[in-house]
Amino acid sequence: MRIGIAGITGRVGRLLVEEVLATGATVAGGTTRSPEQAAGLPAGIPLFTSMSALAKECEVVIDFTHADTVASSAQALVGTGVAWVLGTTGLSAQQNQALRDAAGDITIVHAANFSPGVTLVRRLAQMMGQALPADSYDAEIVEMHHRQKVDAPSGTALAIGQAVALGRGVALEDVRESGRDGLTGPRKPGAIGFAALRGGQIVGEHDVLFTSADEQITLSHRAFDRRIFATGAVRAALWAKGREAGLYSMEDVLGLPPL
């Protein structure tokens, strides 16, 4: 199996190279904006400057680059038969639409987090959102990441919040509360709250709290090594080969039944 890696010279890209080779698959090449940073990659891996060039060499491409590239990458991959494993978060409405449009032609696995543990936390958060009434159980999501992270809340935190909202039958944008500060007044009934912490080199920590007047239930996930994201993405790539066109999630990769 030939797997391409978008952003191959980046931190996650290098881990993806190691994980792909560990499965016995072939790294067919990668895209990079900085070929001079290729030192340390295994010899013989072709480097490209565009997704369309990479697509000619592989069966599946794994992409952890930037939201700004999603629309152009979707356009480049449509019609190629290449599956797309996408770990980019923070997509705009237009970028999400580009993804859905492309899924009519190619296989896409999109996840905010490819960790199996986070996938299960999202599933449990949805179940709890459905089972625990919003007027009795306040939902709060607390996340912490390394000091270099530029977005908040994290894409994973938002994905967990979307799972809670789905369980409650509401749209997250209608009930989301982030970064409370000053005289905010009482907590709004049914709100899903977010708090973002930054410091050190923490890979990723997420806590989902459901709190009533009588009890509190907490779901926690700790990532000790960002390699878990690469391992999960490669697992998704192996799963995606030969699938029918469509937009899939990590829940599909893990074989979880629909709720």
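Thresholds applied
- Residues numbered from 1 in each chain as written.
- Predicted model: local features only at pLDDT ≥ 70, side-chain atom pairs only at ≥ 80, totals over all residues.
- Heavy atoms only, no water.
- Helix = DSSP H or I, 4+ residues; strand = E, 2+ residues; numbered from the N terminus.
- Expected span 1.5 Å × (residues − 1).
- Contact = heavy atoms within 4.5 Å.
- Phe/Tyr/Trp six-rings, centres within 6.5 Å; stacked < 30°, edge-to-face > 60°.
- Lys NZ or Arg CZ within 6 Å of the ring centre and 35° of its normal.
- Salt bridge = Lys/Arg side-chain N within 4 Å of Asp/Glu carboxyl O.

Q: Whenever I open this one, helix 1 (residues 11–22) confuses me. Can you help?
A: Residues separated by three or four positions in an α-helix point in the same direction, a consequence of the helix having 3.6 residues per turn. In this model helix 1 runs 17 Å from its N-terminal to its C-terminal C-alpha over 12 residues, within 8% of the 16 Å that 1.5 Å per residue would give. Tucked into the core, helix 1 has its buried residues touching strand 1 (2–6), strand 2 (26–31), strand 4 (60–63) and helix 8 (227–240). Downstream of helix 1 by one or two residues, Gly-24 has phi in the positive range, about 90°.

Q: I tried to follow the packing of aromatic side chains on my own but got confused; where do I start?
A: Working definition: an aromatic ring pair is given by the centre-to-centre distance plus the angle between the planes. In total, this model carries two aromatic pairs according to the counting rule given. Arranged with centres 5.2 Å apart and planes meeting at 80°, the rings of Trp-239 and Tyr-248 form a pair that is edge-to-face. Above the plane of the ring of Phe-194 lies Arg-176, whose end atom (NZ or CZ) is 5.7 Å from the centre.

Q: Just checking my understanding: could you explain the pattern of salt bridges for this structure?
A: Two side chains that carry opposite charge are able to pair once their charged atoms sit near each other. Applying the stated criterion to the full structure yields 12 salt bridges. In this structure, the salt-bridge partner of Lys-241 is Glu-59, at a minimum N-O distance of 3.2 Å. A residue pair is termed long-range when its members are at least 10 positions apart, and Lys-241 in the loop between helix 8 and strand 12 (246–248) and Glu-59 in the loop between helix 2 (51–55) and strand 4 qualify at 182 residues. Among the salt bridges present, the one from Asp-207 reaches Arg-222, with a minimum N-O distance of 3.1 Å. Placement of the pair is Asp-207 in strand 10 (residues 204–211) and Arg-222 in strand 11 (residues 216–223), with a sequence separation of 15 residues. One continuous salt-bridge network, built from bridges that share partners, spans Asp-138, Glu-140, Glu-177, Arg-180 and Arg-187.

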